[in-house]
Amino acid sequence: MSPQPKAAVGAPLSRVDGRLKVTGQAKYAADHDIKGVLHAVVVDSSIGRGRITGIDTRAAEAQPGVLGIISHLDKPRLAYRDNPGPFPGGRLRVFQDDTVRFFGQPVAVVVATALEAAQHAAELVKVSYDAEQPSTDLTRGQAVDGPAPFARPYARGNAAEALGSADVRMEMTYRLSRNHHNPMETQATVARWDGDELTLWDKTQHVIGTRNELAAVFGIPQENVRVLSPFVGGAFGNALRAWPHVTIAALAARELGRPVKLALTRRQMYFTVGYRPAYEYKLSLGSTRRGRLTAMTHEMKYETSRYEQFWEANLALGQMLYAVPNVSQNVRIVPLDVSTPMWMRGPGYSSSAFVIETAVDELAHRLGIDPIELRLRNEPGEDPSTQQPFSTRRLRECFRVGAREFGWHRRNPRPRSTRDGDWLIGTGVATGCYDVFRGQAQAHARLDADGTAVLQSATHDTGTGTYTSMTQVAADALGLAVRQVEFRLGDSAMPPAPAQGASQTMLSVGSAVQDTCDKLRRQAVQLAVEDEGSPLHGVAADDVVVRGGRLHVKGSPARGETYRQLLARNNLTHLEARGSYTPEEESRFSMYGYAAMFAEVAVDARLGLVRVRRMLGVYDAGRIISPKLADSQAIGGMVGGIGAALLEHTVTDHRDGRIVNANLADYLVPVNADIPDLKAVYLDGEDYRADPIGVKSLGELVQIGVAPAIANAVFHATGRRVRDLPITAEALL
């Protein structure tokens, strides 16, 4: 058929759900007031390892409004059937035994008629323990092999031999601290049972995954569980699985026979809903004196819980980012008495990018080569790890455009050469890269007799703008104005979609929406050309396009009719279609999104304080569906990268496993005063080898490369190389 006119895609539209959010009408998980709802508060363990020897609930049960207290002493019936979870090794089974596996583990839940009553009663529950010394220090824990196949050792060439004969050889050790997600909305769940059917209003990035997990935990069919999550107030990865509090809310609702609401406190968010794990990463590299990389070895270890084996994609960059003929990689995990980590924006890639990109920068300084030039000298012509051609790889153009926009040519390459009063000024650069992750998705569309359309898919909007971007794709595919299209999401009863993570939503769900709307539009066109009463009767279907809800002959806009006229004449209340997207099992191409990140910092010469002055990101991210949403993503990614580089650091008291800065007063995240001039530029282009709508990853990509660009700028400003994150004033004095 003729290509549809493009009016919505590529336009900088404001969010279609924006008015609901700014007027307080958007309902998040804890906002759902279900008739007869009770309130639950979790009692957390106050030791990091050991056994529960007793739970005294007498004072708590005597409080007005308290209706029940549940712990392992009640032996609650939970099936915990096998359900393929995200990590090998099992799951935390709440209230099933007396074992304490980490500080802050849920050990009981108090349910009352009012939140304040539940909170007060929870403080009165007395738990006694037989405590043991927990192991919570990555540097002292025993490393073991990571979960296969995610941590399988990798090698090409002979890295040890190449390092031994390299003109230049460098060996470096990096330490990256644990980071927590800290979304604005804390985790919350409302659970209601109707017989053996469970409904959850939950903060989640995967309604289908939460449905499947709760069905497995309670031993009921998946179709008996419905999960609703229409709005999510940020997540960054920590809502990608059903954490213990979801099970606890559903359990309490079943035991009490009434709906139950459970919302975690900000403090509890640090103990049971994941975090980016701490890393120790040793990197060795060898090169010629002209800056051609000849060898790299990667030895890394990171923390995980004892009851599960966490994994993340930390190997890819070391294999494909540069044309290095000799590479070896080994990943190990350190099981500790902690809760399980969770994927956090740019998982694995952000950690490895900091190491690789600061090491390459250090090599550039040692060789006296411009950092951009050194990177370009090691650009591969194809993926070195697979020998596949890249679907697109426009990194050279990213650096060229970025250097021009940032004013890189004005840079004095000598460290500590530029000052502004007491401030040392430095600029740095780094590469960002993230793979094109794709998943199966389905969508359903209905075109009503009034000429409006409703689409739905069980996807999510965590603040990323899914409502808006999917509406844009649908509007163009159907030839409607944006205001005539409604997109619905966040309901496990809708056509299935993957989790909103790994930057796969726009690609996967967007492609399913495109397929669905193409089918619906063609259905309407076919109806028109076969209808003797239509002005389009007898016209070849391929010659019909739709614009503004009106079907007409391409090149002859006067000959046509509207959807409303077509459906009314045929006595139809609606047309509907279901579409899908399924990626091919094996691609012939290596598919990644790329970024060139530039940063300028100022460092107080006497105090060691670091301030980011400006940042620029230039992205090869395929087709940009919504420039305004893309800018929101890019700026948010830069803010997150600033936090990781300079501020964020989870502090654990290794004596008992307590996180001592489990609040937003002591766990520092960037605030408005920390955010300077941030700018994003997107290269024009599409990647139709990656998917039918030509998009690539963006949501993760925009954070990867930010921290190393800042670290490299700090080195340029001060002449001091810091290999630990976050970069503190103490490290610069």
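Residues numbered from 1 in each chain as written. Predicted model: local features only at pLDDT ≥ 70, side-chain atom pairs only at ≥ 80, totals over all residues. Heavy atoms only, no water.

Caption draft 1: Representation of the pattern of salt bridges in the model. Applying the stated criterion to the full structure yields 43 salt bridges. Across the pair Arg 394 and Glu 397 runs a salt bridge whose closest N-O atoms are separated by 3.3 Å. Through salt bridges with shared partners, a single network forms among Arg 49, Glu 132, Arg 306 and Asp 337. (Salt bridge = Lys/Arg side-chain N within 4 Å of Asp/Glu carboxyl O.)

Caption draft 2: Structural detail: the nonpolar core. Core analysis: the biggest nonpolar cluster contains 143 residues, and Met 615, Tyr 619 and Ile 710 have the highest contact counts within it. A total of 10 residues in this core trace back to one element, the largest contributor, which is helix α9 (residues 349-367). Ala 443, Val 485, Val 509 and Val 553 belong to the second largest nonpolar core, which has 51 residues in total. (Core = buried A, V, L, I, M, F, W, Y, C linked by side-chain atoms within 4.5 Å. Buried < 20%, exposed > 50% of the residue type's maximum accessible area, 1.4 Å probe, protein only. Helix = DSSP H or I, 4+ residues; strand = E, 2+ residues; numbered from the N terminus.)

Caption draft 3: Just the sheet that holds strand β4 (residues 99-100), in detail. Pairing is antiparallel across the open sheet formed by 3 strands, whose spatial order is β4-β2-β6. Unpaired on one side and paired on the other, β4 and β6 (126-131) mark the two borders of the sheet. (Pairing = 2+ DSSP bridges.)

Caption draft 4: Spotlight on the environment of Glu 61. Topologically, Glu 61 is positioned in helix α2 (residues 58-61). By relative accessible area, Glu 61 is classed as partly exposed at 46%. For the pair formed by Glu 61 and Ala 121, sequence separation is 60 residues and the distance between their alpha carbons is 7.3 Å. In this view, Glu 61 contacts Val 66 and Ile 69; residues no more than four positions away in its chain are not counted. (Contact = heavy atoms within 4.5 Å.)

Caption draft 5: Here's a closer look at the side chain of Arg 241. Structurally, Arg 241 can be placed in the loop between β12 (225-228) and α6 (244-256). At 2.8 Å, the side chain of Arg 241 and the side chain of Glu 308 are in polar contact. With sequence-adjacent residues up to four places away left out, Arg 241 is seen in contact with Pro 86, Phe 87, Arg 91, Glu 308, Thr 340 and Met 342. (Polar contact = N/O pair within 3.5 Å; in protein donor to acceptor, adjacent residues only side chain to side chain.)

Caption draft 6: Region of the structure containing the packing of aromatic side chains. Tallying each qualifying case throughout the model produces 20 aromatic pairs. An angle of 70° between the planes, with centres 5.3 Å apart, marks the rings of Trp 311 and Trp 343 as edge-to-face. Here Trp 343 lies in the loop between β16 (326-336) and α9 and Trp 311 lies in the loop between β15 (293-305) and α8 (316-320), a separation of 32 residues in the sequence. Looking at Trp 343, the relative accessible area reads 18%, which means it is buried. Ring centres of Phe 390 and Tyr 594 lie 6.4 Å apart, and the angle between their planes is 85°; on these two criteria the pair is classed as edge-to-face. Of this pair, Phe 390 sits in the loop between α10 (371-377) and α11 (395-406) while Tyr 594 sits in strand β26 (residues 592-604), and the two are 204 residues apart along the sequence. Judged by relative accessible area, Tyr 594 falls into the buried class, the value being 0%. Clustering of aromatic rings is evident, with ring pairs tying together Phe 87, Phe 150, Tyr 279, Tyr 302, Phe 310, Trp 311 and Trp 343. The ring of Trp 243 has Arg 241 lying over it, and the distance from NZ or CZ to the ring centre is 5.0 Å. Residue placement shows Arg 393 over the ring face of Phe 390; its charged tip is 4.9 Å from the ring centre. (Phe/Tyr/Trp six-rings, centres within 6.5 Å; stacked < 30°, edge-to-face > 60°. Lys NZ or Arg CZ within 6 Å of the ring centre and 35° of its normal.)

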